Each structure stands twice: as C-alpha cells, then as structure tokens.
Amino acid sequence: MKNSILGKRFFNDGHEIVVLTDLQRRARDSIYEKMLDGRYVSEVVKCPLCDGNSHITLSEKDFYGLPVKTVICRNCSMIYANPRLSRDALVGMYANEYRDLDRVHPTSGEYFELEIKKAERIAEYLTKNGVLSKLNDKLIIEIGCGAGGALHHFKKLGFNTMGCDLSPRNVEYGVSRGLDIRYGDIDALMLSLDFNFKDIGLVIYEQVFEHLSEPKLELERLHGLLPKNSFLYIGVPGIKNIANHYGSDFLRFLQLPHLCHFELRTLVKLVQSTGFSFLCGDESARAIFSRSGVRSLLPVSDSNYLATIEYLRILEIRRKVAVPFRRLKEVPIILGMGLASKIRNSRFIPQPIKSAASRFLKFAYHQFFK
Ligand SMILES: [Zn+2]
C-alpha cells in the first residue's frame, strides 16, 4: 500500500507519531523484534461483529510505529485490527511489554491511583442510571482490572469485589493492597473453586473490551453464567470521541493491543448479539447492559462503511488544521524529556539532585501539560 484511503501518514513507515518515553520505546522495539523473528505470530481474522471478510484498509501502522493493519468491514462498518497478534502472542505481550508500552505511569502505585479516578466516574454513571442502588451486597467483578484501583474504590463503597488481569506485576500489586485478584482472563475466574457466578451483580470491562480477541464468545459464555438480575458495564475508547480525546487524530487512536475499535452503535450491536439488553450509553464510549429481559431491538440506526470513512476523512482535515498549534505545545515536553534524560545519565550530578530534578520535571509535566 503506497497510500491509505485516509492519507499517506497511515502508511507503515515504522515511525511513532507521539513522544515516547525510553521505557515505551524499549517495549515497542521488543514487540517489533518478536514480530519480525516470529516469536509473536500474527493471524488473519474475520469481522468480530458480523463474521464477514470483505474490508478496506484504513491504516498500516499504529501510533507507536508498529506494523498494525486496521480495516473497516464493508458489511457492518466495524473497525478492527486484521491481521492481529495470535492469542499466545497477546498473552506474551501482556506479560512482558504491555505495562511499559502503555503508560507514562511506570509504578503500579501511580497506575492504581489513576484507576481509582476512573472508578469514581464509573460509579457516578452507574448511580445516575439507577444501577448501583440495585446491586446491594452483590459481587462486583472486573475483567482486566489492572492493579485493582477500581476494585479498591468499589470495595470502599461497601461491595464485595474480585478481578483478574493478564499482567503479573499488576496482580501482585493488587493482592498486596488486600484485593482478590487472579492472574489470567475470565477463564481464571471460572476455574476458581471459591467462586460462584450467582453472587455477581455487576461485571466491569473498563478500557479492556477492545483488547479481547473473542469478544462475542466471551460475552456469550458470561451471559450463560450470570444471574438474571445482573448488569454489565463496558467502557472503551470511542471512535466518535476522537475529536475530544485524540486531537481529531485517528492514528493516535490506533494501538496494537486494541483489536476492535468501537462507536456506541457497533458496541451495542455486538453486545446485544450475545443476549444482553441495552440500558444506556454514550459516545465516550460507555454503555450499561442488563442480563435480564428479552433481546431488545437495536436502539441505534445502521450505518454504512462509506459514511464512517467520510467521518474519518473529516477528522483528518480537522487534525491538519490543528497541527501547528499542537506542535507548539509539544516543544516544551520534548525539551523537558531531553533534559530529564541528560540529568539521569550524568556522572557528575549527585543522586539527591537527580531525584529532586526528576520530581520537579514530573510535577511541571503534570501541572502544565496533562
Ligand atoms: Zn462486519
């Protein structure tokens, strides 16, 4: 592909389009090496929503500069990675590189605090829509719970909680904070002898559902196991939210660990096809579903893939207009990161001054550029 339907910057040139930390760059390079030498195998997949295999390529890279092909289904306009890493490669990537690749929060403690903030917003949304008050003393489960910050928040609100995650470091940290977290995916919970699905009131997938290799299959199994009066909350990066959160840049939205890309319409369609009923949702994108009730009709209209491509083209025009302003904003960040690296590697600066300078630069970054 010499050019993408969205423009030549979506061509695979191996370059990242955001400023990466040293840690992120090392993780990115490690993944790339393993993809090249076959330790991480890729596989071609069908559309996760309609099982179709007719699609158009939108991009050949992700924002880290990794060779990730993103396509749009001609049948249902679902956007997804194809080919993508195999299940084994994904498990390896989550165990070895993901934490370093994902965040500018290198410690589990910082990650945990970030998760608490997210949980506050989820709890608020559940309360606003009358779900939290129906949970009483039920169990709240989080699949892909990270270091467990969200579970910690719901535990503080008085709920029993349990979670699972594919990062050993996350699990270790969560357990050290007194949380019940198992290593693995939903299978790890299913295999727990002390676990009863009938106790569950709510299952949470927060910024996790887009990572699943078999989202339909997982929800179908979950639907069969959950009690009738239980709920499902899913929060994912929203395609229709790119203007707000990603500077109108579709490429900044794309990253190798994300296998499916949702707008509310495709999210609801996929979840409803597994038997859950849609209660509410928005384009941020998040939605609440109920296990009970008859399969409801789609609350959202169908869309064709050409309309979605047109939406992405308009985003790209908006991004181009905004580029000069964003470049100006990034200059101090790049200079600050260069300065931090020079101080860290200097043989002449005493350690206490290095630590103080590092704390100051971190503080300045969080104050002025976050
Ligand atoms: Zn499809």
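Residues numbered from 1 in each chain as written. Predicted model: local features only at pLDDT ≥ 70, side-chain atom pairs only at ≥ 80, totals over all residues. Heavy atoms only, no water.

Caption draft 1: Quick look at the overall build of the protein chain. The helix and strand tally for the protein chain stands at 13 helices and 13 strands. Relative to its length of 370 residues, the protein chain is compact, with a C-alpha radius of gyration of 21 Å against a globular reference of 21 Å. With the C-alpha coordinates of the protein chain rotated into their principal frame, the extents come out at 65 × 50 × 40 Å. Considering only residue pairs separated by 6 or more positions, the protein chain has 68% of its internal contacts joining residues 24 or more positions apart. Surface accessibility of the protein chain: about 18,000 Å² in total, with carbon and sulfur atoms responsible for 55%. (Helix = DSSP H or I, 4+ residues; strand = E, 2+ residues; numbered from the N terminus. Rg over C-alpha atoms; globule rule 2.2 N^0.38 Å. Contact = heavy atoms within 4.5 Å. Areas by Shrake-Rupley, 256 points an atom, 1.4 Å probe, with all protein chains shown as cover.)

Caption draft 2: Geometry of the coordination of the zinc ion. For the zinc ion, every protein donor is listed as Cys47 (SG), Cys50 (SG), Cys73 (SG) and Cys76 (SG), and the spread of their distances is 2.2 to 2.3 Å. Here the zinc ion binds four donor atoms, and the angle range of 101 to 117° at the metal identifies the geometry as tetrahedral. Read in sequence order, the donor residues for the zinc ion give the motif C-x2-C-x22-C-x2-C. (Donors = N, O, S within 2.8 Å, 3.2 Å for Na, K, Ca; no water. Tetrahedral: all angles 85-135°; square planar, octahedral: opposite > 155°, others 65-115°.)

Caption draft 3: Inspection of the sheet that holds strand β2 (residues 55–59) at higher detail. If you walk across this open sheet you meet the four strands as β2-β3-β4-β11, and the pairing is antiparallel. Both edges of this open sheet fall to β2 and β11 (260–261), since each of them pairs with a single strand only. Sheet analysis places strand β3 (residues 70–73) next to strand β4 (residues 79–81), joined by three bridges and oriented antiparallel. Directly across from Ile72, in β4, lies its bridge partner Ile79. (Pairing = 2+ DSSP bridges.)

Caption draft 4: Representation of the packing of helix α4 (residues 108–128) against helix α5 (residues 149–156) in the model. Between α4 and α5, the shortest axis-to-axis distance is 7 Å and the interhelical angle comes to 50°. When the axis of α4 is compared with that of α5, the two are oblique. Crossing handedness for the pair α4 and α5: right-handed. Facing α4, whose interface residues are Phe112, Glu115, Ile116, Ala119, Glu120, Ile122, Ala123 and Leu126, α5 presents Gly149, Ala150, His152, His153 and Phe154. (Axes fitted to C-alpha atoms, helices over the stretch in contact; angles between N-to-C directions. Parallel < 35°, antiparallel > 145°, perpendicular 65-115°, else oblique. Left-handed = near helix turned anticlockwise from the far one by under 90°.)

Caption draft 5: Molecular detail of α4. For α4, with 21 residues, the first-to-last C-alpha span of 30 Å sits near the 30 Å given by 1.5 Å per residue. Restricting attention to buried positions, one finds in α4 the residues Ser108, Tyr111, Phe112, Glu115, Ile116, Ala119, Ile122, Ala123, Tyr125 and Leu126. Gly130 sits one or two residues past α4 and shows a positive phi near 70°. (Expected span 1.5 Å × (residues − 1). Buried < 20%, exposed > 50% of the residue type's maximum accessible area, 1.4 Å probe, protein only.)

Caption draft 6: Focus on a nonpolar patch on the surface. A cluster of nonpolar residues, Val19, Ile334 and Met337, forms a patch on the protein surface that exposes about 220 Å² of accessible area. Its location among the elements puts Val19 in the segment before α1 (22–37). Assessed through its relative accessible area of 34%, Val19 is described here as partly exposed. (Patch = residues over 30% accessible without salt bridge, like charges linked within 9 Å, V, L, I, M, F, W, Y side chains within 5 Å. Salt bridge = Lys/Arg side-chain N within 4 Å of Asp/Glu carboxyl O.)

Caption draft 7: Seen up close, the pattern of salt bridges. Going through the model one piece at a time under the given rule, you end up with 18 salt bridges. With a closest N to O distance of 4.0 Å, Arg39 and Glu33 form a salt bridge. Across the pair Arg286 and Asp282 runs a salt bridge, and its minimum N-O distance is 2.9 Å. Given the relative accessible area of 23%, Asp282 is considered partly exposed. When salt bridges that share partners are traced, they join Arg9, Asp249, Glu316 and Arg319 into one network.

Caption draft 8: The pairing of strand β6 (residues 139–143), seen in detail. Counted residue by residue, β6 has five buried out of five residues, so it is predominantly covered. Every second residue of β6 is oriented toward a common face, with Leu139, Ile141 and Ile143 on one face and Ile140 and Glu142 on the other, all of them buried. Read from β6 through α5 to strand β7 (residues 160–165), the crossover connection turns out right-handed. Taken together, the four bridges between β6 and strand β9 (residues 200–206) define a ladder with parallel strand orientation. Looking across to β9, one finds that Ile140 is bridged to Leu202. (Right-handed = clockwise from strand over helix to strand, strands pointing away.)

Caption draft 9: A look at the sheet that holds strand β12 (residues 277–282). Spatially, seven strands are ordered β8-β7-β6-β9-β10-β13-β12 in an open sheet, and the strand pairing comes out mixed. Looking along the sheet, the strands with just one partner apiece sit at the ends: β8 (181–183) and β12. With direction set aside, neighbouring strand axes in the sheet form an average angle of 15°. One ladder, built from five bridges, connects β12 with strand β13 (residues 286–290); its direction is antiparallel. Looking across to β13, one finds that Cys280 is bridged to Ile288. Packing against the sheet, α5 makes contact with β6, β7, β8 and β9, and its axis sits at approximately 175° to β7. Helix-sheet contacts for helix α6 (residues 168–176) involve β7 and β8, and the interaxial angle to β8 is about 155°.

Caption draft 10: Focus on the environment of Lys138. Examined against the element boundaries, Lys138 turns out to sit in the loop between α4 and β6. Leaving out residues up to four positions away in the same chain, Lys138 has contacts with Phe159, Asn160, Lys198, Asp199, Ile200, Gly201 and Asn229.

Interpretation note: all reported values are geometric properties and have no functional meaning in isolation.
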